[in-house]
Amino acid sequence: MAVITVGEVDLFYEETGRGPGLVLVHGSWVDHHEWDQIVPMLASHFRVVSYDRRGHSSSSRPDRQGLVGEDVEDLFGLISLLGLDPAVVVGNSFGSLIALRLAAAHPDVVAAVVAHEPPGLGLLAGDPAYAEVLQGFTTRVGAVAAALREGRNAEGAELFVDSIALGPGSWERSPEEQRETFVRNAPTFLDELGDPESLTLDLGKLQAYTGPVLLTQGDQSPPMFAHVLDHIHGALPHAQRLTCAGAGHIPHLTHPQDYAESVIKYAVQDDGAS
């Protein structure tokens, strides 16, 4: 366990293994423990760093509106200060948006990107084909936000897990420790909602990144994630696509062996090719 100061924040991180750098970027509400099941497998090939993003669990939480751009610069600083560059960057959900933004903004520190189901719903806005999908998402998110603004963090977390992220009944099936993490980090979700840039990607800038990219999705996930990946793949035609059989939005938790093997196969191959 360690803490590193990046700009204005102290970031809690854990490091294990030897070899090329690989950084794990968690999604909304959670922390670095989301990756615990796959870290030992990855560490047999990489120097693996998992960390709590700003505002989450053991890392600093600035007392103001957070911005996705700050998350990107935190990740850049972490990689640079720890001497991990160029690193394979593996992101899940909102963490994969951060990973892709990092590749666009600081391509020199990124050896490869593995992005699982980035919630880049801003890429679907304005297209009538996705109007119903976006309206449903907006309604569900609105209910979560209302609960959080009223201080009902546990209720908001349960709504998010069951109606947006993982499906009905998932909250009840989640370990108590994971539920506590969701409730503790609930304010960070309001930060994401308060940032108009949080669910968007500049595909024009992203096109400049020519390094390896693996875009993954679960075949049990809501179709909106596949639609988002279609748009990203359109901007990065060299990217590879992978569908995780039987998995949904968190394959590193539900199918850790399969997911870790997929990351290793892709990242080691690309590292060797470079």
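Notes on the structure follow. (Residues numbered from 1 in each chain as written. Predicted model: local features only at pLDDT ≥ 70, side-chain atom pairs only at ≥ 80, totals over all residues. Heavy atoms only, no water.)

**Focus: the overall build of the chain**
Quick reminder of the rule: In this description a helix means any DSSP run of H or I spanning at least four residues, a strand means any run of E spanning at least two, and both kinds are numbered starting from the N terminus. Residue exposure (1.4 Å probe, protein chains only): buried if accessible area is under 20% of the type maximum, exposed if over 50%, otherwise partly exposed. Whether two residues are in contact is decided by their heavy atoms: any pair within 4.5 Å suffices. Only the protein chains shown count as covering a residue, and every accessible area follows the Shrake-Rupley method with a 1.4 Å probe. Neither His nor the chain ends is counted toward charge; the positive residues are Lys and Arg and the negative residues Asp and Glu. For this purpose, a charge sits on NZ of Lys, CZ of Arg, CG of Asp or CD of Glu.
Scanning the chain from terminus to terminus reveals 12 helices and 8 strands. On the principal axes, the C-alpha backbone points of the chain span a range of 50 × 40 × 35 Å. Taking all 274 residues of the chain together, 53% fall into the buried category. Contacts spanning at least 24 positions in sequence make up 75% of the contacts within the chain whose residues lie at least 6 apart. Total accessible area on the chain stands at roughly 11500 Å², and carbon and sulfur atoms take up 53% of it. With 16 positive and 37 negative side-chain charges, the chain shows a separation of 1 Å between the mean positions of the two kinds.

**Observations regarding the environment of Thr 5**
Heads up, the condition is: N or O atoms closer than or at 3.5 Å make up a polar contact, with two conditions inside protein: a donor-capable atom paired with an acceptor-capable one, and, for residues adjacent in sequence, both atoms drawn from side chains.
The topology assignment puts Thr 5 in strand β1 (residues 2–6). Between the C-alpha atoms of Thr 5 and Gly 77, which are 72 residues apart in sequence, the distance is 8.8 Å. Excluding its chain neighbours within four sequence positions, the residues that come into contact with Thr 5 are Asp 10 and Leu 81. Within the structure, Thr 5 has its side chain in polar contact with the side chain of Asp 10 (distance 2.6 Å).

**A word on the pairing of strand β4 (residues 47–51)**
Side-chain positions along a regular strand alternate between the two faces of the sheet. The following threshold applies: Criterion used throughout: strands pair if DSSP finds at least two bridges between them.
In terms of burial, β4 is largely enclosed, as 4 of its 5 residues are buried. Relative to β4, strand β2 (residues 9–16) runs antiparallel, the two sharing 4 bridges. Bridge assignment links Glu 14 to a residue of β4, and that residue is Ser 50. Pairing geometry for strand β3 (residues 21–25) and β4, over 4 bridges, is parallel. Bridged to Val 23 within β4 is Val 49.

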